[in-house]
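Chain by chain, the residues run as shown.
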Amino acid sequence: MLTVVLRTAQVARVLAASLLGRLPLGAAPVALLLFARETLSIGAAGALVGVYTAGVAVGGPVLARVADRFRQPPVMLAGAAVSTAGFVLLASGVPLWAALFAVLLAGLGAPPFEAGLRVLWRSLLPEEQVPTAYTLDIAVQELIFIFGPLVAGASVAAGGPVTGLYVTAGLQLAGTVWFVTTPVVRGWRGEHAERHWAGALRSGRLRLLLVAVVLVGTGVGSLPVAVIDYAESVGGRGWSSWILAAQATGALIGGLVNTRVKVDGRRLPLLALCLGLGYAPLLLTPSQPVLLLLLAVLSGLFLPPFLAATFVTVDRIAPAGTAAEAFAWVATAFSVGAAAGAAVDGAILDATTGPRIGFLLSPLVIALAAPLLVPLARNLRTGGDPAPAEHVRAETP
């Protein structure tokens with residue numbers, strides 16, 4: 001099935017283009033940190049990353065809602081132009097207040113590739129292959145968080161902090177142009193439907209799913225903080241990047257394996273529980289970092305199956321004409337949860353001693369998502385879900 005999906009016309013192109021355009025999501029935080037530490041302060045560095053992340057979380061659903069109503073190319077190109085202007089303004093060496101405004105622009109304008117890509121699968125593939133496409137997309141997405149920081153670090157090493165910003169903006173712009181010039185993207189149109197001020201959020205089932213995604217994001221987002229504290233406790237801060245890369249590798253493996261399994265939203269509670277249990281072995285906090293590295297691989301295995309089942313569910317419960325916006329809300333919910341998880345775990349570690357406590361938040365919070373998803377899974381099991389929200393096939397020019 002995976003080979004068949006990749007060989008389908010335009011699938012490889014839209015997947016590769018979106019990957020290139022999303023690479024800045026992994027590169028930008030590192031580029032911003034290195035730039036701010038060189039030209040501003042460590043406090044300013046954290047503020048810049050926080051404002052950029054908030055901008056992405058807010059801008060994604062807004063841009064996706066506009067794309068639902070009109071078309072993707074003009075929305076994504078306009079967003080990329082605004083985001084690029086933000087990076088260029090920051091690189092010009094402005095005061096802190098202007099730097100914060102610049103990164104806000106960079107985040108708000110970041111094109112919603114995740115939402116834009118996921119509404120295309122039904123235009124490219126038969127119904128039975130769409131779940132495989134979701135899983136493949138999520139697995140490939142892990143490459144963003146493996147190679148994004150490496151690209152940013154290499155750019156800064158080669159040309160200085162400003163170069164990291166320019167490379168980040170350039171990759172995003174190149175990916176956007178490549179993506180929107182694909183025939184299926186140019187031909188896609190959102191479904192004609194009655195518009196509502198609440199958009200996709202008028203669906204109670206979608207709101208319930210988003211709460212669960214926030215909890216999962218909280219657990220996943222707390223891990224980097226715990227890992228850094230652990231690495232410092234064993235006397236090797238450099239281990240933190242390797243451990244996080246190991247988790248991303250585990251997610252990549254889990255995603256590729258999951259392409260051979262039928263993804264089903266009715267399994268969401270079970271998948272959330274398995275994901276939470278996957279984080280539990282990290283509580284062992286072995287004194288040998290290489291052992292924790294192996295445990296980190298385990299913690300990543302069930303994330304792609306959970307997210308793939310989430311997107312299949314969104315595809316079925318999103319109100320008509322809101323497909324792209326609904327997918328963007330999932331990304332925003334996950335980002336909000338990740339930011340909250342990092343903040344909460346940081347506060348816990350500041351107030352306590354020993355690295356083990358830092359790994360406790362992830363399994364607990366992720367496991368809480370499972371009972372929340374039971375009513376939704378039951379609804380899907382009894383056939384209460386409507387037809388997919390987005391049936392519109394793209395007209396290839």
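Residues numbered from 1 in each chain as written. Predicted model: local features only at pLDDT ≥ 70, side-chain atom pairs only at ≥ 80, totals over all residues. Heavy atoms only, no water.

Points about the nonpolar core
Most often, soluble globular proteins keep nonpolar side chains buried together rather than apart.
So, point 1. Membership of the largest hydrophobic core comes to 80 residues, with the highest contact counts inside it found for V14, W121 and F179.
So, point 2. The dominant element in this core, judged by the number of residues it contributes, is helix α11 (residues 204-233), at 12 residues.
So, point 3. Residues in contact with V14, not counting those within four places in the same chain, are L117, L120, W121, L124, F179, T182, V184 and V185.
So, point 4. Counting residues in each nonpolar core, the second largest holds 20 residues, with A31, A45, F87 and L165 among its members. (Core = buried A, V, L, I, M, F, W, Y, C linked by side-chain atoms within 4.5 Å. Buried < 20%, exposed > 50% of the residue type's maximum accessible area, 1.4 Å probe, protein only. Helix = DSSP H or I, 4+ residues; strand = E, 2+ residues; numbered from the N terminus. Contact = heavy atoms within 4.5 Å.)

Remarks on empty space enclosed by the protein
So, point 1. As enumerated under the stated definition, the model contains 2 cavities of 30 Å³ or more in all.
So, point 2. Its boundaries defined by the atoms lining it, the largest cavity holds a volume of some 40 Å³.
So, point 3. Lining the largest cavity we find G21, R22, L25, Y52, A110, P111, F113 and Q172.
So, point 4. Tallied by class, the residues present in the lining of the largest cavity amount to 5 nonpolar, 2 polar and 1 charged.
So, point 5. The volume enclosed by the second largest cavity comes to roughly 30 Å³.
So, point 6. A64, A67, Q72, P112, A115, G116 and A324 are the residues that line the second largest cavity.
So, point 7. Of all the secondary-structure elements, those providing two or more residues to the lining of the second largest cavity are α3 (42-69) and α6 (113-118).
So, point 8. Taken together, the residues of the lining of the second largest cavity break down into 5 nonpolar, 2 polar and no charged. (1 Å grid on protein atoms, 1.4 Å probe; cavity = no way out; pocket = protein on both sides within 12 Å on 5 of 7 lines; lining within 4 Å. Points joined across faces, edges and corners; volume = space filled by probe spheres on them. Nonpolar A, V, L, I, M, F, W, Y, C, P; charged D, E, K, R; others polar.)

Structural notes on unusual backbone geometry
So, point 1. Positive phi values are uncommon outside glycine, yet Q10 reaches one of about 75°.
So, point 2. Considering the arrangement of structural elements, one finds Q10 in the loop between α1 (2-7) and α2 (11-39).
So, point 3. In the Ramachandran plot, T285 falls in the positive-phi region, its phi being about 35° despite a non-glycine side chain.
So, point 4. Position of T285 relative to the elements: it lies in the loop between α13 (268-279) and α14 (289-300).
So, point 5. On the basis of relative accessible area, T285 is assigned to the buried category, the value being 14%.

As for the packing of aromatic side chains
So, point 1. Taken as a whole, this structure holds 6 aromatic pairs when the rule is applied.
So, point 2. Taken together, a centroid distance of 5.5 Å and an interplanar angle of 80° make the contact between F113 and F179 edge-to-face. Within this pair, whereas F113 is found in helix α6, its partner F179 is found in helix α9 (residues 161-180), the two being separated by 66 residues in sequence.
So, point 3. Judged by its relative accessible area of 0%, F179 is buried. (Phe/Tyr/Trp six-rings, centres within 6.5 Å; stacked < 30°, edge-to-face > 60°.)

Description of the packing of helix α12 (residues 239-258) against helix α15 (residues 303-317)
So, point 1. Remark: α12 packs on α15, axes separated minimally by 7 Å, with the N-to-C direction vectors making an angle of 55°. Put simply, α12 runs oblique to α15. Here α12 contributes A251, G254, G255 and N258 to the contact with α15, which in turn contributes P304, P305 and A308.
So, point 2. For the contact of α12 with α15, the residue count by class is 4 nonpolar, 3 polar and no charged. (Axes fitted to C-alpha atoms, helices over the stretch in contact; angles between N-to-C directions. Parallel < 35°, antiparallel > 145°, perpendicular 65-115°, else oblique.)

Remarks on the pattern of salt bridges
So, point 1. As enumerated under the stated definition, the model contains 3 salt bridges in all.
So, point 2. D137 serves as the salt-bridge partner of R22, at 3.1 Å between the closest nitrogen and oxygen. Of this pair, R22 sits in helix α2 while D137 sits in helix α8 (residues 130-159), and the two are 115 residues apart along the sequence.
So, point 3. Look at D137 and you get buried, because its relative accessible area is 0%.
So, point 4. For the salt bridge of R118 with D137, the shortest nitrogen-to-oxygen distance reads 2.7 Å. On the criterion of sequence distance, the pair formed by R118 in helix α6 and D137 in helix α8 is long-range, its members being 19 residues apart. In this pair, the class of R118 matches that of D137, namely buried.
So, point 5. Taken together, the salt bridges that share partners define one network made up of R22, E114, R118 and D137. (Salt bridge = Lys/Arg side-chain N within 4 Å of Asp/Glu carboxyl O.)

Digging into the confidence of the model for the protein chain
So, point 1. Per-residue confidence for the protein chain gives a mean pLDDT of 83, with 91% of residues at or over 70.
So, point 2. Counting contacts from residues 385-397, a segment whose pLDDT is below 50, to residues more than four positions away or on other chains yields 40 contacts. (pLDDT = per-residue confidence, 0-100.)

Overview of helix α4 (residues 72-91)
In an α-helix, one full turn covers 3.6 residues, which means residues spaced three or four apart are oriented alike.
So, point 1. For α4, spanning 20 residues, the distance from its first C-alpha to its last is 28 Å, which sits close to the expected 28 Å at 1.5 Å a residue.
So, point 2. Every buried residue of α4 is listed here: Q72, P73, V75, M76, G79, A80, S83, T84, G86, F87, L90 and A91. Burial along α4 is one-sided: seen end-on, the buried residues are contained in an arc of 160°. (Expected span 1.5 Å × (residues − 1). Arc of directions from axis to C-beta.)

A word on the side chain of S155
So, point 1. Looking at the secondary structure, you find S155 in helix α8.
So, point 2. A relative accessible area of 10% means that S155 is categorised as buried.

Details of a nonpolar patch on the surface
So, point 1. A surface patch of nonpolar side chains, amounting to about 490 Å² of accessible area, comprises V58, V62, V66, F70, L104 and L108.
So, point 2. The element contributing the most residues to the nonpolar patch is α3, with 3 residues.
So, point 3. Looking at the element boundaries, F70 is found in the loop between α3 and α4.
So, point 4. Classification of F70 as exposed rests on a relative accessible area of 52%. (Patch = residues over 30% accessible without salt bridge, like charges linked within 9 Å, V, L, I, M, F, W, Y side chains within 5 Å. Areas by Shrake-Rupley, 256 points an atom, 1.4 Å probe, with all protein chains shown as cover.)

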